[in-house]
Amino acid sequence: MGDHHHGPAKGVTRWLFTTNHKDIGTMYLWFSFAMFLLGGFFAMVIRAELFQPGMQLVEPAFFNQMTTLHGLIMVFGAIMPSFVGLANWLIPMMIGAPDMALPRMNNWSFWILPPAFLMLASTLFMEGGAPAFGWTFYAPLSTTYAPPSVTFFIFAIHILGVSSIMGSINIIATVMNMRAPGMTYMKMPLFVWTWLITAFLLVAVMPVLAGAVTMMLMDIHFGTSFFSAAGGGDPVLFQHIFWFFGHPEVYIIILPAFGVVSQIIPAFSRKPLFGYASMVYATASIAFLSFIVWAHHMYTVGMPVAGELFFMYATMLIAVPTGVKVFNWITTMWRGALSFETPMLFCIGFLVLFTLGGFTGLMLSIAPADFQYHDTYFVVAHFHYVMVAGAVFSMTAAIYYWLPKWCGRMYSESMGKTHFWISFIGFNITFFPQHFVGLAGMPRRIPDYALQFADFNMMSSIGAFIYGASQLLFLYNVIATIVAGKRVSEEKVWDGAEGLEWTVATPAPYHTFEEPPAVPKPAGTI
Amino acid sequence: MGRVFSTAALALFAPLAGAENQVNMSPGVTEIGANIFELHMLIMWICVVIGVLVFGAMFYSIYAHRQSKGHQASQFHESTRVEVAWTVVPFLILVAMAFPATSTLLEVYDNDASELDILITGYQWKWKYEYLDESGETVSFFSNLATPQEEIYNTRNKGENYLLEVDEPLVIPTNTKVRFLITANDVIHSWWVPEIAVKRDAIPGFINEAWTRVPEEGIYRGQCTELCGAYHGFMPVEVHAVSRDDFDNWIAAKRGIAAVQTALAEQTLSVDELMDQGKRVYGAACLACHGAGGEGGVGKAIAGSPVVLGDIAAHMALVANGVSGTAMQAFGAQLSAVDMAAVLTYQRNAFGNNTGDVVQPGDVTGAKNG
Amino acid sequence: MPGLRLSKAPATDTALKLSAVAVLMFAFVFVVMVPLYNVLCDALGINGKTSGQAYISAPIAVDTSRQVTVQFVAVNNDDMPWSFAPDARVMRVHPGAANGTVFHAANPTNLPMVAQAIPSISPSRAAAYFHKTECFCFDQQALAGNATADMALQFIVDQDLPDDIHTITLSYTLFNITGTAQDRLAAL
């Protein structure tokens, strides 16, 4: 084959037309960070209004638009694309492949995202305002009673779904077909495993979301009655379909985060991941179980008791493989030689705080108790612990860990540590009190609250401003690193790091593994 | 600034009991609420114990196995025995948890005969309560947020029960099994009173049931717990549990009021009476959408409205029958003849409208009967 | 799917198969989830859904040892200004016996309207044991301005109703479907 490669093209068209997995990964990561800041800005509006009882800054209808868009943008614009970006950068290098299996589809997968989010954000300026029915958009609030912008919301969701499905197909095709010789499935890094399983989940359930919003579209515009009792339909059907997607969706969010943590903890423990095979099986079990627990989001909807019991037992069961993973991570650290650079700090933060979120998840799974927790701030606290202190901390760890490999420059460790501590403290000040107000009776999605909730809400808002500010520090650190960070040239940037991506030059060349590598046998893997 | 510091201090010394800064669920006043609370505490303590063990091990490792301390890394990386152990033991703990969880859930779903049935309908944005009785005048009324807009918009100090007070509470007798039949008029709502541990979604077109038996007299407050539109946070629930005797008197009076309304409907009321009552009705039923000054918002402006300034019968018909396909509900069934007459009079004379028109309850009943 | 190749290039082959899965999952929502939900609701009475079809009953002995309270509730949905109420709010019946009542509807507006009554039963377990031999469930009822109508309901409570159910509540929610049922108005 001719050796005709050149470096990247020049100018804007490089980015528009690139099929290079590193470029596409970079675009996903920057896009997701921009979305994270936008979604975070909406959160600041929410917390500013909730700083004190009374309506001070926004009207209730606009507040609902903020909560809705905050959820949609964070889930679909920040978290999911960020992990796809990581997948793009890392999977080919981790399996010794030159690029993703379908590079042109890869380009499309990314480029349909900015227009979709532009459309979603533009609904703020439409007559009737942006969607205000929560990121879970239950019918008939989201159908019969929705503002005109709901149609654009539906189109945006369709486009996001297509992007995710294409991205997942690409990941599966890459992992199944392009591993270097000798890289058997059970030799793959856990990050690749978790993404492979996540990608199957995505292919299975994103179409279900598409089905749900299509049915909404039909009810709104074409006279059907899927979700309207008047025509023989049922609003509860919407909830079943949505959560059949929605529950696997939260595992889609967290499994790649698990994969990241499984790479970083061994590196800074200088010890192989404990129980590799168990970790693979546990991830697969979580994925299977995620399909049969959806109605634990619907315990108060009036389900017959047999249904409630089934979903309660199945949900409680998910604690088992999740617990196995936490035990395995800690055992990986046990008797290692631990050091606490920024990536490791974020992973330890993940371990503690995600597990706390897991505990409140277990509490929520208990159906009769959930009658008192459902739709309160206790639930809000739970999912922010697992999604922010879980997925976002993991993503942050990933950036600190791999950025030096990607750009050949080291970030400022002291700024990184500062970022960690401010994030950790700010996050907990924001969300720990929300457990209290939820248990004390404060519902979610309200712009104003009774006086007994005031002090904890003020605390939570202060925490949010602190946490938000620390993300700007992170942004500064990342840019300063790329532009003027201390140069790194060792292939193994971190002495404990293992994996094929640490065998290529630093910074990683534009094309890597054009010839498949010899797959080494790292200590301790099967 | 002072508030910020005192809040920080509170964080350190927050009392565990008491309504303000409550950190835990309340066991409430019912047996089932107490059972739910016990279950909640049991699961929480199990999690605390597990957390202490697991994080204890991790923090020990962070301390003792630091590279900077010179600790050398071992290379062990698997153990089937250990994997089996920490799969089986958590599984057994979960099985143990499932027993009390199941029995408490079965109590929630109890269908035994009730002594009093109440139909609860969620509206945007208020509740309607209807006492289902075999015969006699049905007692049915709306329960609106009573907190004044001035408190919400910070021009007046907030009262003790800010956002948790209503004009017409739900009254139930103590020590009586009360069955709630819950539905909704428009979108999904959810009826929740934490201290009696009842929460059930209100779904338009469908009926859900829940039950309670309240042993202790008292006032119990809750809120809507399903996002239902702009004023989701402004439709509280207030339940008064009173003695059987007090309840009987109350409901007899309510039935009597219905009769009195019928009598009042035959009277002629003064302009002042109509305007006063009209302002009250406007505040409860119209203000949220039409504005405190009739300036409009979600709904059209009342000030200068051609409908309000035009033919009285047409104005009345619109308020009574609503406007199909919009947020304007049919208020005919929601307002008594007196209230309807009052609010029409108020709208026609307030906000600079000054038509000088007066609508009497008799005009309303006359229109209703065709 | 071993053996079935959709393309020579392995990656494309994988991609095409996965795309098929995605399409199938989209179809799954409409073709499986919706009908399955309706079937399960009908069979298990979930959500108190009760079918609109008239029940054909065979004569069978009435169980006089037991009384079940049947409660009727009439609810107007948003946008529905009709007066709508049952004759009898409560009936005490024996399982196996045929009973009935009438719901009165009146259109107080001057305009013709069309309504649809949606039934719901509580507790949902009871739905499978409450047989309507004649009902106006899901019927589109047109009423001219200021007109009234009487809508009949005939029912039998099954003898096999579980012992722990003493009260069955049947609610009808009346929806305004004038906008989508214009053809019904022509019949007036």
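Residues numbered from 1 in each chain as written. Chains lettered and ligands numbered in written order. Predicted model: local features only at pLDDT ≥ 70, side-chain atom pairs only at ≥ 80, totals over all residues.

## Quick notes on the overall build of chain A
Which entries qualify depends on this criterion: The numbering of helices and of strands both runs from the N terminus, where a helix is a DSSP run of H or I of at least 4 residues and a strand a run of E of at least 2. C-beta atoms are placed from the backbone for every residue, and two residues are taken to be in contact when these atoms lie within 7 Å.
In terms of helices and strands, chain A carries 16 helices and two strands. Each principal axis of the C-alpha atoms in chain A carries an extent, and together these give about 65 × 50 × 45 Å. Restricting to contacts in chain A with at least 6 residues of sequence separation, those with at least 24 account for 83%.

## Observations concerning the sheet that holds strand S5 (residues 177-184) of chain B
All names here are of chain B. We apply this condition: Strand pairing is defined by DSSP finding a minimum of two bridges between the two strands. Think of each axis as a best-fit line through the C-alpha atoms, taken over the contacting stretch in the case of a helix, with angles from 0 to 180 degrees between the N-to-C directions.
Sheet architecture is open: five strands sit in the order S3-S2-S1-S5-S8, paired in mixed fashion. Two strands in the sheet have a free side with no partner beyond their single neighbour: strand S3 (139-143) and strand S8 (208-213). When the angles between neighbouring strand axes are averaged without regard to direction, this sheet yields 25°. Where S5 and S8 come together, six bridges link them in antiparallel fashion. Residue pairing across strands places Phe180 opposite Ala210, the latter belonging to S8.

## A look at the interface of chain A and chain B
Stated formally: Side-chain classes follow a simple rule in which Ala, Val, Leu, Ile, Met, Phe, Trp, Tyr, Cys and Pro form the nonpolar group, Asp, Glu, Lys and Arg form the charged group, and the remainder, Gly included, forms the polar group.
Opposite the 85 residues of chain A that make contact, chain B presents 83 residues. With eight residues, the single largest contributor to the side of chain A that touches chain B is helix H11 (residues 319-333) of chain A. Here the residues of the side of chain A that touches chain B are counted per class, giving 58 nonpolar, 19 polar and eight charged.

## Overview of the interface of chain C and chain B
At the junction of the two partners, chain C supplies 30 residues and chain B supplies 30 residues. Of all the elements in the fold, those that place two or more residues in the side of chain C that touches chain B are strand S1 (68-76), strand S5 (113-122) and strand S9 (167-176) of chain C. The element best represented in the side of chain C that touches chain B is S9(C), accounting for five residues.

## As for helix H6 (residues 150-177) of chain A
In an α-helix, one turn spans 3.6 residues; hence positions three or four apart end up facing the same way. So the rule is basically this: Helix span is expected to be 1.5 Å times the residue number reduced by one. Residues are called buried when their C-beta atom has 20 or more other C-beta atoms within 10 Å, exposed when it has 12 or fewer, and partly exposed otherwise; all C-beta atoms are positioned from the backbone.
The end-to-end C-alpha separation of H6(A) is 40 Å, in line with the 40 Å expected for 28 residues at 1.5 Å each. The element H6(A) is extensively covered by neighbouring structure, given that 20 of its 28 residues are classed as buried.

## Regarding unusual backbone geometry
Note that the residue after A:Ala139, namely A:Pro140, is joined by a cis bond; omega there is -10°. Residue position: A:Pro140 is located in the loop between helix H5 (113-122) and H6. Backbone torsion omega between C:Ser122 and C:Pro123 reads -5°, so that peptide bond is classified as cis. Among the secondary structure elements, C:Pro123 is positioned in the loop between S5 and strand S6 (130-134). The phi dihedral of B:Asn154 falls on the positive side, at around 65°, and the residue is not glycine. With respect to the helices and strands, the residue B:Asn154 is situated in the loop between helix H4 (149-152) and strand S4 (170-173). Residue classification places B:Asn154 among the partly exposed positions, given that 13 C-beta atoms sit within 10 Å. The residue B:Asn175 is not glycine, and still its phi comes out positive at about 50°.

## Details of the nonpolar core
So the rule is basically this: In these notes, a nonpolar core means any group of buried Ala, Val, Leu, Ile, Met, Phe, Trp, Tyr and Cys residues linked to one another through C-beta atoms within 7 Å.
Residues A:Val192, A:Ala212, A:Ile264, A:Cys347, A:Phe350, A:Ala397 and C:Ala115 are the most contacted members of the largest nonpolar core, which totals 335 residues. In contact with A:Cys347, other than residues within four places in its own chain, are A:Val261, A:Ile264, A:Ile265 and A:Ala397.

## Things to note about helix H6 (residues 271-285) of chain B
Residue and element names in this part refer to chain B. Cut-off, in case you're wondering: This arc describes the spread of directions from the helix axis toward the C-beta atoms.
Look at H6: 20 Å from first C-alpha to last across 15 residues, which is about the 21 Å you get at 1.5 Å a residue. All buried positions along H6 are accounted for by Leu274, Gly278, Val281, Tyr282, Ala284 and Ala285. Along the long axis of H6, the arc covered by the buried residues comes to 160°, so they all point the same way. Lining the buried residues of H6 we find helix H7 (287-290) and helix H10 (337-349).

## Considering the domain arrangement of chain C
To keep it simple, the criterion reads: Domain boundaries shown here were taken from an automatic or database domain assignment.
Domain assignment breaks chain C into domain 1 (10-44) and domain 2 (50-186). For domain 1 of chain C versus domain 2 of chain C, the separation of C-alpha centres amounts to 36 Å.

## Remarks on the pairing of strand S1 (residues 116-123) of chain B
On any regular strand, side chains alternate: one points to one face of the sheet, the next to the other face. Residues and elements named next belong to chain B. For S1, the buried fraction is high: six of the eight residues fall into the buried class. Bridge analysis of S1 against S5 gives seven bridges, and the strand direction is parallel. When the bridges of S5 are listed, Gly122 appears paired with Ala184. Alignment of S1 against strand S2 (residues 126-132), held across seven bridges, turns out to be antiparallel. Counted as the bridge partner of Gly122 is Trp127 from S2. The antiparallel pairing of S1 with S2 creates a hairpin that spans two residues between the two strands.

## Quick word on the environment of A:Phe191
All names here are of chain A. Structurally, Phe191 can be placed in helix H7 (residues 190-221). With 26 C-beta atoms counted inside 10 Å, the residue Phe191 sits in the buried group. Sequence separation between Phe191 and Thr355 is 164 residues; the distance between their C-alpha atoms is 19 Å. Each residue touching Phe191, except ones within four places of it in the same chain, is listed here: Leu90, Met94, Gly259, Val260, Ser262 and Gln263.

## With respect to the sheet that holds S5(C)
Residues and elements named next belong to chain C. Judged by pairing direction, the sheet is mixed, and its five strands sit side by side in the order S3-S1-S9-S5-S7 without closing on themselves. Sheet topology places strand S3 (90-93) and strand S7 (140-143) at the edges, where each strand pairs with a single neighbour. Taken pair by pair, the neighbouring strands of this sheet meet at an average axis angle of 25°, ignoring direction. Here four bridges tie S5 to S7, and the two strands are oriented antiparallel to one another. Of the residues in S7, the one forming a bridge with Gln116 is Gln140.

## Quick word on the environment of C:Leu161
Residues and elements named next belong to chain C. In this fold, Leu161 is placed in the loop between strand S8 (148-157) and S9. Residue Leu161 is classed as buried on the basis of its 20 C-beta neighbours within 10 Å. Residues Leu161 and Ala149 lie 12 residues apart in sequence; the distance between their C-alpha atoms is 32 Å. Those residues in contact with Leu161, other than ones at most four positions away along the chain, are Val68, Pro95, Ala126 and Tyr129.

## Quick notes on the packing of helix H14 (residues 377-407) of chain A against helix H15 (residues 413-440) of chain A
Residue and element names in this part refer to chain A. Applicable threshold: Orientation categories follow fixed angle ranges, with anything under 35 degrees roughly parallel, anything over 145 roughly antiparallel, 65 to 115 roughly perpendicular, and all other angles oblique. Handedness of a crossing is defined here by the sense of rotation of the near helix relative to the far one, left-handed for an anticlockwise turn of less than a right angle and right-handed for a clockwise turn.
Between H14 and H15, the least distance of the axes is 8 Å, while the angle of their chain directions is 170°. If you check the angle between H14 and H15, you find them roughly antiparallel. Crossing geometry of H14 relative to H15 is assigned as left-handed. Two secondary-structure elements touch here, H14 through Tyr377, Phe378, Val379, Val380, Ala381, His384, Tyr385, Val388, Ala389 and Tyr400 and H15 through Gly416, Phe427, Phe431, Gln434, His435, Val437, Gly438 and Leu439.

## Comments concerning the confidence of the model for chain C
Convention followed: Known as pLDDT, the predictor's per-residue confidence is scaled from 0 to 100.
When pLDDT is averaged along chain C, the result is 86; 89% of the residues meet or exceed 70. With pTM at 0.91, the complex prediction returns an ipTM value of 0.94.

## Points about the environment of A:Leu102
With respect to the secondary-structure elements, A:Leu102 resides in the loop between helix H3 (60-95) and helix H4 (103-111). Sequence spacing of A:Leu102 and A:Met55 is 47 residues, and the spatial spacing of their C-alpha atoms is 51 Å. For A:Leu102, the contacting residues outside a window of four places in its chain are A:Asn170, A:Ala173, C:Ala11 and C:Ala15.

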